[in-house]
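Commentary on secondary and tertiary structure
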Amino acid sequence: MNYPQSRLRRLRYNKIVREMCEDINILPKDLIYPIFVCEGENIKNEIKSLVGQHQISIDNVVKLCENLIDLNINKILLFGVVNEKDETGDIACSSESIIPKAVRQIKKIFGDKLLIIADVCNCSYTTHGHCGTIKNNDVDNDSTNKTLANQSLVLASSGVDIIAPSDMMDGRVKFIREILDKNSYEKIPIFPYSVKYSSSFYGPFRDAVNSEFAGGKRETHQMNFKNSYEFIREIEQDLNEGADAVIIKPALTYLDIISKVKSEFNVPIIAYNVSGEYSMVKSSAKNNHINEMEVIIEIMHSMKRAGADSIITYHAIQIAEYLKNKNV
Ligand code: PBG
């Protein structure tokens, strides 16, 4: 049927009709909030390149979690910010390291009201800022896998709910699954960043974790964005090794990939709306070039429309407050 019998605007004239025809929505339950946990007490340092985001000590994380629960956000992703680092990241394999400590404290207070996902990588914990052990001027795959597995085991024994390896070593899901299973943590899921591109959109994040790896990319382990189909092999391998869901990042410039993963794999998808995507919105809004909230909501819908089941986003609190004010 064509015009004039068909008039697509008929479903757009009335606000209630528009709403009844919507098939995508954003709710607080779709959101995962990333938190940068640092050592010390009563610390809340704003991260310069991530306006509105902070490095916070465990006591302040607890206060923040109360606020999140009030806003119906029940999932957090933890990153460690440490004063002392080492050559390999093994420093994070101790139960006294910052994230295991934070996990125990959060679990003690909030139990299962809050799902804790831990990002597992060594780049926050190495003096050089690389994602693992350096051999012959590059990140060594297999020795790094051992550190990642040990870090995961400590997190599991601290009570973490989900392990999210973000390093992009080959075989890391296998290493982590094996060590968890051997130690009776077979119920803990692994959500790897299966599709993670070597991207300039991670720039502000490196500030957030005080990484020495300020410039540059991680092209020898993260994916090349000039490849359209490489993601298939990455996901197949991770699923074969025991991945339970996949994280895709960045998100906004990779909506095509999210959509393809949705149609080609039967696996839950989490999109990571990364630091550079957040900063672009913040800077533009600061200059009054865009309506910040409207743009954020549009971006979130684009990710869900592409196929994301949940979204990791620094905007989570803003969005939940907005939804609460609208009584959604
Ligand atoms: C750790 C890690 C990074 C991000 C999440 N985990 C940085 C990187 O891989 O370079 C980026 C997140 C963001 O930019 O918000 N490897």
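Heads up: these notes are all about the structure in this document. Small disclaimer: the values here were computed from a predicted structure and weren't measured. (Residues numbered from 1 in each chain as written. Predicted model: local features only at pLDDT ≥ 70, side-chain atom pairs only at ≥ 80, totals over all residues. Heavy atoms only, no water.)

1. A short note on the nonpolar core
Side chains of nonpolar character tend, in soluble globular proteins, to be buried together. Here is the rule we go by: Among buried residues, the Ala, Val, Leu, Ile, Met, Phe, Trp, Tyr and Cys ones that are joined through side-chain atoms within 4.5 Å form a nonpolar core. Using a 1.4 Å probe on the protein chains alone, a residue whose accessible area is under 20% of its type maximum counts as buried, one over 50% counts as exposed, and one in between counts as partly exposed. What counts as a helix is a DSSP run of H or I of at least four residues, what counts as a strand is a run of E of at least two, and both are numbered from the N terminus. Every residue pair with non-hydrogen atoms within 4.5 Å of one another is taken to be in contact.
Counting residues in hydrophobic clusters, the biggest one holds 75 residues, and the most contacted among them are Ile35, Leu78 and Phe231. Of all the elements, helix 10 (residues 292-306) adds the most residues to this core, at seven residues. Setting aside residues no more than four positions away along its own chain, Leu78 makes contact with Ile35, Val37, Ile99, Ala102, Val103, Ile106, Ile116, Ile117, Ala118 and Asp119. Listed in part, the 25 residues of the second largest apolar core include Leu50, Tyr193, Tyr278 and Ile312.

2. As for the site of the ligand
Counted only if it meets this: Whether a residue is near a molecule or strand is decided by its heavy atoms; if any one of them lies within 4 Å of it, the residue is near. Residues adjacent in sequence count toward polar contacts only when both atoms are side-chain atoms; beyond that, a polar contact is any pair of N or O atoms within 3.5 Å, and within protein one must be able to donate a hydrogen and the other to accept it. Reported accessibility uses the Shrake-Rupley method at a 1.4 Å probe radius. Residues are deemed covered only where the shown protein chains occlude them.
In the vicinity of the ligand there are 17 residues, among which Lys196, Arg206, Lys249, Ser275 and Tyr314 approach most closely. Side-chain polar atom of Gln222 to an oxygen atom of the ligand: 3.0 Å apart, as the coordinates give it. Between the ligand and Ser275, the relevant distance is 2.7 Å, taken from an oxygen atom to a side-chain nitrogen or oxygen of the residue. Within the complex, the protein chains bury 100% of what would otherwise be the 400 Å² of accessible surface of the ligand.

3. Observations concerning the packing of helix 10 against helix 11 (residues 316-325)
Applied cut-off: Axis lines are fitted through C-alpha atoms, for helices just across the contact stretch, and the angle between N-to-C directions can take any value from 0 to 180 degrees. In these notes the angle categories are as follows: under 35 degrees is roughly parallel, over 145 is roughly antiparallel, 65 to 115 is roughly perpendicular, and the rest is oblique. Basically, the charged four are Asp, Glu, Lys and Arg, the nonpolar ten are Ala, Val, Leu, Ile, Met, Phe, Trp, Tyr, Cys and Pro, and anything else, Gly included, counts as polar.
The geometry of helix 10 relative to helix 11 is characterised by a closest axis approach of 11 Å and an angle of 105° between their N-to-C directions. As far as their axial angle goes, helix 11 and helix 10 are roughly perpendicular. The segment helix 10 lies against helix 11, with Glu292, Met293, Ile296, Ile297 and Met300 engaging Gln318, Ile319 and Tyr322. Looking at side-chain class alone, the contact of helix 10 with helix 11 contains six nonpolar, one polar and one charged residues.

4. Considerations on the packing of helix 8 (residues 255-264) against helix 10
It is the contact of helix 8 with helix 10, at a shortest axis distance of 8 Å, that shows an interaxial angle of 30°. Here helix 8 contributes Leu255, Ile258, Ser259 and Lys262 to the contact with helix 10, which in turn contributes Ser302, Met303 and Ala306. Looking at the contact of helix 8 with helix 10, its residues break down into four nonpolar, two polar and one charged.

5. Quick notes on the pattern of salt bridges
For clarity, the threshold we go by: Throughout this description, the term salt bridge denotes a Lys or Arg side-chain nitrogen within 4 Å of a carboxyl oxygen of Asp or Glu.
With the rule as written, the count across this model stands at 13 salt bridges. Two residues, Glu19 and Lys15, come together in a salt bridge whose shortest N-O distance is 3.0 Å. Residue Glu19 and its partner Lys15 are both found in helix 1 (residues 15-20); the two are separated by four residues, about one turn of the helix. Glu19 sits in the partly exposed class, given a relative accessible area of 41%. The shortest N-O distance in the salt bridge between Lys304 and Asp30 comes to 3.3 Å. Of this pair, Lys304 sits in helix 10 while Asp30 sits in the loop between helix 1 and strand 1 (31-38), and the two are 274 residues apart along the sequence.

6. Some words on the environment of Asp90
One can find Asp90 in the loop between strand 4 (75-81) and helix 3 (98-110). Along the sequence, Asp90 and Leu11 sit 79 residues apart, while their C-alpha atoms lie 59 Å from each other.

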